[in-house]
Amino acid sequence: KNQVEQSPQSLIILEGKNCTLQCNYTVSPFSNLRWYKQDTGRGPVSLTIMTFSENTKSNGRYTATLDADTKQSSLHITASQLSDSASYICVVRPDQTGANNLFFGTGTRLTVIP
Amino acid sequence: DSGVTQTPKHLITATGQRVTLRCSPRSGDLSVYWYQQSLDQGLQFLIQYYNGEERAKGNILERFSAQQFPDLHSELNLSSLELGDSALYFCASGRGGRTGNTIYFGEGSWLTVV
């Protein structure tokens, strides 16, 4: 069964600290993995997209890593800011023709406190 | 601004009623996706349209239906509403096709059934 699991479910950190969010998936075969940031009550916004051959990709203070062998990805946030408070969603796309199916994790809710 | 427009932003209606949510995709995007997000729940895929035709179906109830029009805007129809249908409904759009396509989310339509 294709699944995407994220951990931790929620996280509270102090402003300026770093944190790492985890995503494990069983989706196979695998096409790409995306990280989205969703502010409360807003639509998700894409942070990174990584294909099978990519191990790491950065977007400002966000760095995503991917280990396609172990089917694990992480999102590392450095020097956190209050505006980083949001849910971070891992989304995996299987390598299938036809339907553009995506598998969503339930997200990690990050709260950055001053 | 993702370029995906959803209306209405907020909607309150009574049980048993019917509502229509509207989505205008980004210019040039052929695929439209609908998602439901209940309180503290992850995004649940409902249905996808590509260039006017249904492409994929997720956990969409029989009371719900959708369509994509020739101008590529889409509507999600929710009927015989129940309290449990209260949620944030997102529309997303993408170029369609296969791999590597980022999908862009609208800001959502908040539906409250009372």
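Shown above is the structure to which this text applies.
Note that the coordinates shown come from a computational prediction; the quantities given were computed from them, not determined experimentally.

Enquirer: Whenever I open this one, the sheet that holds strand β3 (residues 19–24) of chain B confuses me. Can you help?
Expert: Strand pairing in a sheet takes place through backbone hydrogen bonds and is either antiparallel or parallel in direction. Residues and elements named next belong to chain B. Ordered by their spatial adjacency, 4 strands build an open sheet running β1-β3-β8-β7, and the pairing between neighbours is antiparallel. Of all the strands in the sheet, just β1 (5–7) and β7 (64–68) have a single pairing partner and so form its edges. Between one strand axis and the next, the sheet turns by 15 degrees as a mean value, whatever way the strands run. Where β3 meets strand β8 (residues 74–78), 5 bridges bridge the pair, whose relative direction is antiparallel. Pairing of C23 across the sheet is with S74, part of β8.

Enquirer: Whenever I open this one, the state of the cysteines confuses me. Can you help?
Expert: Put plainly, a disulfide is one covalent bond tying together the sulfur atoms of two cysteines. Counting across every chain of the model gives 2 disulfides over all chains. A:C23 shares a disulfide with A:C90; S-S distance 2.0 Å. Classification of the bridge connecting A:C23 and A:C90 rests on its S-S torsion, roughly -65 degrees, and on that basis the disulfide is left-handed. With a gap of 67 residues between them, A:C23 in strand β3 (residues 19–25) and A:C90 in strand β9 (residues 86–94) connect regions that are remote in the sequence. Here the two residues A:C23 and A:C90 agree in accessibility, since each one is buried. Between the sulfur of B:C23 and that of B:C91 lies a disulfide, 1.8 Å long from S to S.

Enquirer: How should the sheet that holds strand β8 (residues 72–77) of chain A be read in this particular structure?
Expert: Residue and element names in this part refer to chain A. Across the sheet, which stays open at both edges, the 5 strands sit in the order β1-β3-β8-β7-β6 with antiparallel pairing between neighbours. Two strands close off the open sheet at either side, each with one partner strand: β1 (4–7) and β6 (56–59). Averaged over all pairs of adjacent strands, the angle between their axes in this sheet comes to 15 degrees, without regard to strand direction. The pairing of β3 with β8 spans 6 bridges and is classified as antiparallel. Directly across from N24, in β8, lies its bridge partner Q72.

Enquirer: Help me understand the pattern of salt bridges in this model?
Expert: Any two side chains of opposite charge can pair, given that their charged atoms come close. Scanning the model with the defined rule gives 7 salt bridges over all chains in all. Close ionic contact of A:K57 with A:E54 constitutes a salt bridge, the shortest N to O distance being 3.1 Å. Look at A:E54 and you get partly exposed, because its relative accessible area is 23%. Linked by salt bridges that have partners in common, B:R26, B:D29 and B:R95 make up one network.

Enquirer: I'm lost on the nonpolar core in this one. Help?
Expert: Soluble, globular proteins show a tendency: their nonpolar side chains are buried together. Core analysis: the biggest nonpolar cluster contains 24 residues, and A:Y25, A:L33, A:W35, A:L75, A:Y88 and A:V92 have the highest contact counts within it. Going through the elements one at a time, β3, β4 (30–38), β5 (45–51), β7 (62–67), β8, β9 and β11 (108–113) of chain A are the ones with two or more residues in this core. The residues contacting A:L75, other than those within four sequence positions of it, are A:C19, A:T20, A:L21, A:W35, A:L47, A:Y62, A:T63, A:A64 and A:Y88. Counting 20 residues, the second-largest nonpolar core is a separate cluster that includes B:C23, B:L46, B:A66 and B:C91.

Conventions adopted
Residues numbered from 1 in each chain as written. Chains lettered and ligands numbered in written order. Predicted model: local features only at pLDDT ≥ 70, side-chain atom pairs only at ≥ 80, totals over all residues. Heavy atoms only, no water. Pairing = 2+ DSSP bridges. Helix = DSSP H or I, 4+ residues; strand = E, 2+ residues; numbered from the N terminus. Axes fitted to C-alpha atoms, helices over the stretch in contact; angles between N-to-C directions. Disulfide = S-S within 2.5 Å. Buried < 20%, exposed > 50% of the residue type's maximum accessible area, 1.4 Å probe, protein only. Salt bridge = Lys/Arg side-chain N within 4 Å of Asp/Glu carboxyl O. Core = buried A, V, L, I, M, F, W, Y, C linked by side-chain atoms within 4.5 Å. Contact = heavy atoms within 4.5 Å.

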